[in-house]
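# Understanding the architecture of this molecule
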Amino acid sequence: MIRKNGWGYGYVSIALIIFLFPIFWVMFTSIKTPVQAFQIPPVWMFKPTFENYSIVFSKQPFLYYFLNSLIVTVLSTALSLFVGTLAGYSLARFRIRGQKWISFAVFFTKMFPPIVLVVPFFVIFRQFGGTDNLYTLTLAYTSFNLPFVIWLMWGFLKELPESLEEAASIDGASRFGAMWRIMLPLAKPGFAVSAIFAAMNSWNEFLFALNLTGTQAKTLPVMAANFVTQEAILWGPVTATGTMLMIPLFIFTLLVQKHLVKGLTMGAVK
Amino acid sequence: MRKKMMLGALTLLLITVGCAPATSQTSTSSTTNGQAATKGETITVVAQSGVLYNSLNKLGPDFEKETGIKVNVQEIGRDAYLQKVSTQLLGKDEGLDVALVLNNYVGQFAAGGQFEDLGPFMEKNGTNLEHFLPASVQSVKYKEKTYAMPLELSTMLLIYRKDLIPNPPKTWEEYAELAEKFTQSKNPQSPTEFGTTFQGKRGYTQPKEWYQYFWAMGGELFDKDTKPTLNSEAGVKALTFVVDNFRKHKVVPPDATTYEFPEVLSAFQNEKVAMAVEWNAAYSQLKDQTKSPKVFDKFAVTQVPDGVSFIHAWSIAINTASKKKEAAYKFISWVTNEGAKRYALAGGVPPVKSVLQDPELIKERPEFPYIEAAINRAKLEPNLPEWPSIQEMITDGISKALAGEKSPKDALDETNASIHKLLESRGYYKK
């Protein structure tokens, strides 16, 4: 039932322009000189320069902070997916007393504006294990991602027919085996969505990274903010960092997206 | 398929396992060295990115050479700075030894016990504050005790296009006339679109620019009993002046309510305005041909009209939670005294008389005499622990008047009443 529709292209391109333009502008500014960046009307034809990128690399230990960001993102995403999936599965399959309250409590933690938690987190981590290391940051991010992952995986797993698991146990699979081999592959879209969101949250997070790190465990978003100096906002390096900051998540989302779409449509129409 | 995924997960795990210890090693190595005496200790200083970070970071190795104390300067961006430092200070972070704040936060952190009283250290080391400009010494005291050293002085100057304005305005009246002359809507021949601008963004800079109109027109923030007097005749006159320039005469860009230092600078660099009241830090940006290709040879600076400038000082203090206070004291006293000249050469403006008058430095930094002249009649904000809240109330009043929500008089009446109420609730007016 696919028809060609001129209007369709129109709508899609309007939507695309609206949300892609700012991103385009960031990339566009990152290859301009400071003078070109602020010319009004904007210059569209110019010789691109990579001077902003070389400023980023010479002024800041970019690769070191990049690695910090990567480690924290991978670890906290993996940890929250692991713990969150098991918790979600348990909520969906076992009869747990006070389930209603647990589900509320999981959501409750997302109701605060994050800034309220900054000082308590700081004090807690200062006393246990210290600040300015990647483990602290990983733990903090895991605690933000977990409610989301639990909620999402719970929803997905609840919808899957229990009889599938029963069939597996008749064939000799353990409870865990049934979950691992049968349920998880079916809940792949949920898993993919959780992974993308957890990774996005951790990769882009600024407030806690700012407060819980010093020089050692600093992540890229905090580094980018250093180009907002007392005297001037160095738009060139800021946009260059922003552009480089986008690339890893872009790749990750492309890789995971396949599972996302396949899973969402699979079995939708019988 | 599953195998592939497992393989992927495994490689990821291997990568992370491979990387994690490497970074944790570097983080422990920097904290474990040296326990005895101050020699070999490492102190951590947190500074805002820009001139403070750059110059302190440059001075670190010099200090280490002279004292054997290593300095680790952490760099934090402008917008996030205060948030981060307050968290560390209020959270009693031992990892932070030296903090930099604006002088009007010294009172708050002194009263709250986050800043160490420097008196005993000064007595022990035989240091005094005589080498500083008197106004800056006042700025770091709270209840007659010294809690910080003034490190970096900022004041505002009038920047103007000397090719357009041969005689800079001496009074605010002349300033208003010139502003009209160089606004295209008033005078189509004007080469610039607007005559002047205003740092109208809600926040801490906006009131600081306004005080210079306010003080010059005879206003005072408080009377002798610390009762606020912002809604005096002078207050209303000064705010009406600013609001009229913006709303009625339109000699200020219509988006000036989003302007702070960088925006004002950029408006001037792009020849959008003919003059502006701007922080002295603009000078080095403006004379740099690569940063200001259009105006680097067409600008000049002078004192603000009527000459009552605002000053504040970034002050350097010791965190009471620090475990290395001796070393921290050595650093803050060195950098504001023996190291002050080098600090100035690295780009800073130390409030030290001998440095500001140093002929060798004036050659490098031609704005120094103007800064020193500005300080003669300059005024400061009072060092009250409540200052951050009061500042918030003042910027609220100015913003409402700029937005046209309230008349200047109503806005200031409201601000004055809220300040009075706050100070009264803190027990200021008890007999």
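Residues numbered from 1 in each chain as written. Chains lettered and ligands numbered in written order. Predicted model: local features only at pLDDT ≥ 70, side-chain atom pairs only at ≥ 80, totals over all residues.

## Points about the nonpolar core
- If you look at the biggest cluster of nonpolar residues, it comprises 151 residues, and the most contacted ones within it are Val106, Ile159 and Phe331 of chain B.
- Looking at which element gives the most residues to this core, the answer is strand β6 (residues 149-161) of chain B, with 8 residues.
- Taken together, domain 1 (36-153 + 312-376) and domain 2 (163-297 + 386-425) of chain B each give at least three residues to this core, which thus spans both.
- Apart from the residues within four sequence positions on either side, isoleucine 159 of chain B is in contact with Phe268, Met275, Ala276, Glu278, Ala282, Leu286, Phe299 and Val301 of chain B.
- The next biggest cluster of nonpolar side chains, apart from the first, holds 24 residues, and it includes Met183, Ala192, Val193 and Ala198 of chain A. (Core = buried A, V, L, I, M, F, W, Y, C linked by C-beta atoms within 7 Å. Buried ≥ 20, exposed ≤ 12 C-beta atoms within 10 Å, placed from the backbone. Helix = DSSP H or I, 4+ residues; strand = E, 2+ residues; numbered from the N terminus. Domains from an automatic or database assignment. Contact = placed C-beta atoms within 7 Å.)

## Structural notes on the domain arrangement of chain B
Residue and element names in this part refer to chain B.
- Domains assigned within chain B are domain 1 (36-153 + 312-376) and domain 2 (163-297 + 386-425).
- Using C-alpha coordinates to define each centre, domain 1 is positioned 29 Å away from domain 2.
- Each side of the interface is counted separately: domain 1 has 9 residues, and domain 2 has 6 residues.
- The element contributing the most residues to the side of domain 1 that touches domain 2 is helix α4 (residues 103-111), with 4 residues.
- The residue inventory of the side of domain 1 that touches domain 2, partitioned by class, reads 4 nonpolar, 4 polar and 1 charged. (Nonpolar A, V, L, I, M, F, W, Y, C, P; charged D, E, K, R; others polar.)

## Looking at the interface of chain A and chain B
- Facing the 32 residues of chain A at the interface are 35 residues of chain B.
- Looking at the side of chain A that touches chain B residue by residue, the classes come out as 19 nonpolar, 10 polar and 3 charged.

## Some points on the pairing of strand β2 (residues 70-76) of chain B
All names here are of chain B.
- Taking burial as the measure, the 7 residues of β2 include 5 buried ones, the bulk of the element.
- Pairing between strand β1 (residues 42-48) and β2: 7 bridges, direction parallel. Directly across from threonine 44, in β2, lies its bridge partner asparagine 72.
- Remark: the β1/helix α2 (residues 51-67)/β2 crossover connection has right-handed handedness. (Pairing = 2+ DSSP bridges. Right-handed = clockwise from strand over helix to strand, strands pointing away.)

## Brief notes about the packing of helix α8 (residues 205-216) of chain B against helix α9 (residues 233-248) of chain B
All names here are of chain B.
- The contact between α8 and α9 brings their axes to 8 Å, and the two run at 125 degrees. When the interaxial angle is binned, α8 and α9 end up oblique. Like other packed secondary-structure pairs, α8 and α9 cross with a definite hand, here right-handed. Contacts from Trp210, Tyr213 and Phe214 in α8 reach Ala234, Gly235, Ala238, Phe241 and Val242 in α9.
- A per-class count over the contact of α8 with α9 returns 7 nonpolar, 1 polar and no charged. (Axes fitted to C-alpha atoms, helices over the stretch in contact; angles between N-to-C directions. Parallel < 35°, antiparallel > 145°, perpendicular 65-115°, else oblique. Left-handed = near helix turned anticlockwise from the far one by under 90°.)

## Topic: the environment of proline 248 of chain A
- Secondary-structure assignment places proline 248 of chain A in helix α13 (residues 235-265).
- A sequence separation of 161 residues divides proline 248 of chain A from alanine 87 of chain A, and the C-alpha atoms of the two residues are 29 Å apart.

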